[in-house]
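# Structure assessment
So the chains spell out like this:
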Amino acid sequence: MDKKRWGGLAVAGAFLLSKGKVVLALLKFSKFGGTLISFGISLLFYAQIFGVWFGVGLLYLLFIHEMGHLAAAKRLGFKTGPAIFVPFMGAVIGIKDTFRTPKQEAILAYGGPLAGLLSLIPLLIGYAVTGNDFWLVIFHLGALLNLFNLLPVSPLDGGRILAGLPIVVWIAGLAALIAYGLTHFSIILLLIAFLGGSAVWKRYRFAKQYEDNQSVLMLYRAARNRVLQAKAEQEQQPIAEPAESDQLDSGETTVSATTSYDPIAWTLRHDLQSLRSASPEEAKPAADELLRYQYDSANDYDALLRRLDQRIEPLLEAEKSVEYHQMPKKQQAITLVAYLALGAILFLAFEYSKGYLPLPSS
């Protein structure tokens, strides 16, 4: 970048920090303040490097893409934040709700590239009417950006659309992205590949953990229900009145001896031993540990429940991950067809426009 452009960027920044404080304060309290501020800052950066109109065209593509996500989120009834533009990274919208199914995640993710495809129509009309190559360049860029976003790698839209399909889809997309990033030495692509690899590893680790501990989780759940029952029985027991022989002359009371037999604890232990006997071999060590802890805790049922919850929590997290990524076969087929159709149309748009792009001037 030449000194003139750096100077322009510095002057604009100084304005925002001094004379533009009033404008920034007004935008801050408006509904779209964050969007407008981030739009302006991004435009300053893009304009200094690529020129004003190219910056406007790029931000148009990003804005329509994010509005597609926003429209899909509203359709799902999700609460959202404003669209925020990040220079050289694109734009994001805040989703304040959690996806409950991979279908919801697919719908929200699909909305972005779909809106991106629709955003190409005005550009195509503009090129057809004016014949100006600018419209075709932005058209080509829009097809490329949305096609790239459809790569089946999380956190890209393609990976989120296909979250309900087998993990092998993510692995294939990740391998392709890494290969392309290495051969073209793209830091941004390799960074996305790193994030995608983390998502693949997390999903695989949870699936492996769940597969290896299904019997243990069933044991813990059954044991927890039984301990809750024992705790309820203990709380319903009447408080024993002290015997007359335990009354002292001073009016104080003491218990002469404590019985070593607790029928509730005995039946609980018997039931836990029965659970151990009925469990597969891989769950027996967990049952043995539970029996030892029941003895050591002196029938403190709250302590038993805390111990069980500590063991159950990571297994429940793995179970939720596995169940979340399971999608009915019919939904998988519909999702895959919609994904491939959108990708095919964007690819055709990309290839079509590539053949008409103006040659770079020498």
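Residues numbered from 1 in each chain as written. Predicted model: local features only at pLDDT ≥ 70, side-chain atom pairs only at ≥ 80, totals over all residues. Heavy atoms only, no water.

## Overview of the overall build of the protein
Let me state the cut-off plainly: The numbering of helices and of strands both runs from the N terminus, where a helix is a DSSP run of H or I of at least 4 residues and a strand a run of E of at least 2. Buried residues are those whose accessible area, probed at 1.4 Å on protein chains only, stays under 20% of the maximum for their type, while exposed residues exceed 50% and partly exposed ones sit between those limits. Throughout, a residue-residue contact means that at least one pair of heavy atoms, one from each residue, lies within 4.5 Å. Here, Shrake-Rupley sampling with a 1.4 Å probe gives the accessible areas, and only protein chains in the shown set may cover a residue.
On a plain count of helices and strands, the protein comes out with 14 helices and 2 strands. Taken over 362 residues, the protein has a buried fraction of 37%. For the protein, contacts bridging at least 24 residues in sequence account for 67% of all contacts bridging at least 6. As displayed, the protein offers around 21,800 Å² of accessible surface, 65% of which is attributable to carbon and sulfur atoms.

## Examining the environment of Ala222
The topology assignment puts Ala222 in helix α10 (residues 214-236). Here the alpha-carbon distance between Ala222 and Leu275, two residues 53 residues apart in the chain, equals 8.0 Å.

## Re helix α11 (residues 263-278)
Which entries qualify depends on this criterion: One less than the number of residues in a helix, times 1.5 Å, gives the span that helix is expected to have. By construction, the arc corresponds to the directions joining the helix axis to the C-beta atoms.
Helix length check: α11 (16 residues) gives 23 Å between terminal C-alpha atoms against 22 Å at 1.5 Å per residue, within 8%. The complete set of buried residues in α11 reads Ile264, Ala265, Leu268 and Leu272. Buried positions in α11, seen along its axis, are confined to an arc of 90 degrees and lie on one side of it. Exposed residues lying more than 90 degrees from the buried face of α11 are Trp266, Ser277 and Ala278.

## Observations concerning the packing of aromatic side chains
Formally: Only rings of Phe, Tyr and Trp enter the pairing, Trp through its six-membered ring, and a pair is recorded when the two centres are within 6.5 Å. The plane angle decides the type: under 30 degrees is stacked, over 60 is edge-to-face, the rest tilted. In this scheme, Lys NZ or Arg CZ marks a charge over a ring once it lies within 6 Å of the ring centre and within 35 degrees of the ring normal.
Applying the stated criterion across every chain, the model contains 2 aromatic pairs. The interplanar angle of 70 degrees and the centroid separation of 5.9 Å between the aromatic rings of Phe134 and Trp135 together place this pair among those described as edge-to-face. For Phe134, a relative accessible area of 27% translates into the label partly exposed. A relative accessible area of 29% means that Trp135 is categorised as partly exposed. The ring of Trp170 has Arg203 lying over it, and the distance from NZ or CZ to the ring centre is 4.8 Å.

## Concerning the confidence of the model for the protein
Formally: What pLDDT conveys is the predictor's confidence in a given residue, as a value from 0 to 100.
Taken over all residues, the pLDDT of the protein has a mean of 81, while the share at 70 or more is 82%. The low-confidence segment residues 3-30 (pLDDT under 50) makes 21 contacts with residues lying over four places distant or belonging to another chain. Counted against residues more than four places away or in other chains, residues 245-259, with its pLDDT under 50, gives 10 contacts.

## Observations concerning the packing of helix α5 (residues 102-130) against helix α14 (residues 329-354)
Inclusion rule: Between the N-to-C directions of two axes lies an angle of 0 to 180 degrees, each axis being a line fitted to C-alpha atoms and, for a helix, fitted only over the stretch in contact. Note that the term roughly parallel is reserved for angles under 35 degrees, roughly antiparallel for angles over 145, roughly perpendicular for angles of 65 to 115, and oblique for everything else. Two helices cross in a left-handed way if the nearer one is turned anticlockwise from the farther one by less than a right angle. They cross in a right-handed way if the turn is clockwise. Residues are grouped as follows: Ala, Val, Leu, Ile, Met, Phe, Trp, Tyr, Cys and Pro are nonpolar; Asp, Glu, Lys and Arg are charged; all remaining types, including Gly, are polar.
Direction vectors running N to C along α5 and α14 enclose 25 degrees, while the axes themselves pass 11 Å from each other. Classed by the angle they form, the pair α5 and α14 counts as roughly parallel. The element α5 and its partner α14 pack so that their crossing is left-handed. Residues Lys103, Ala106, Tyr110, Pro113, Leu114, Leu117, Leu120 and Leu124 of α5 touch α14, and the partners they reach there are Gln331, Thr335, Ala338, Tyr339, Leu342, Ile345, Leu346, Ala349 and Tyr352. Its residues assigned to classes, the contact of α5 with α14 shows 14 nonpolar, 2 polar and 1 charged.

## Structural notes on the environment of Pro87
One can find Pro87 in the loop between β1 (80-86) and β2 (90-95). Overall, the relative accessible area of 23% leaves Pro87 in the partly exposed class. Each C-alpha atom of the pair Pro87 and Ile41 lies 7.6 Å from the other, and the pair is 46 residues apart in sequence. Discounting residues that sit within four places of it in the chain, Pro87 has contacts with Ile41, Ser42, Phe45 and Tyr46.

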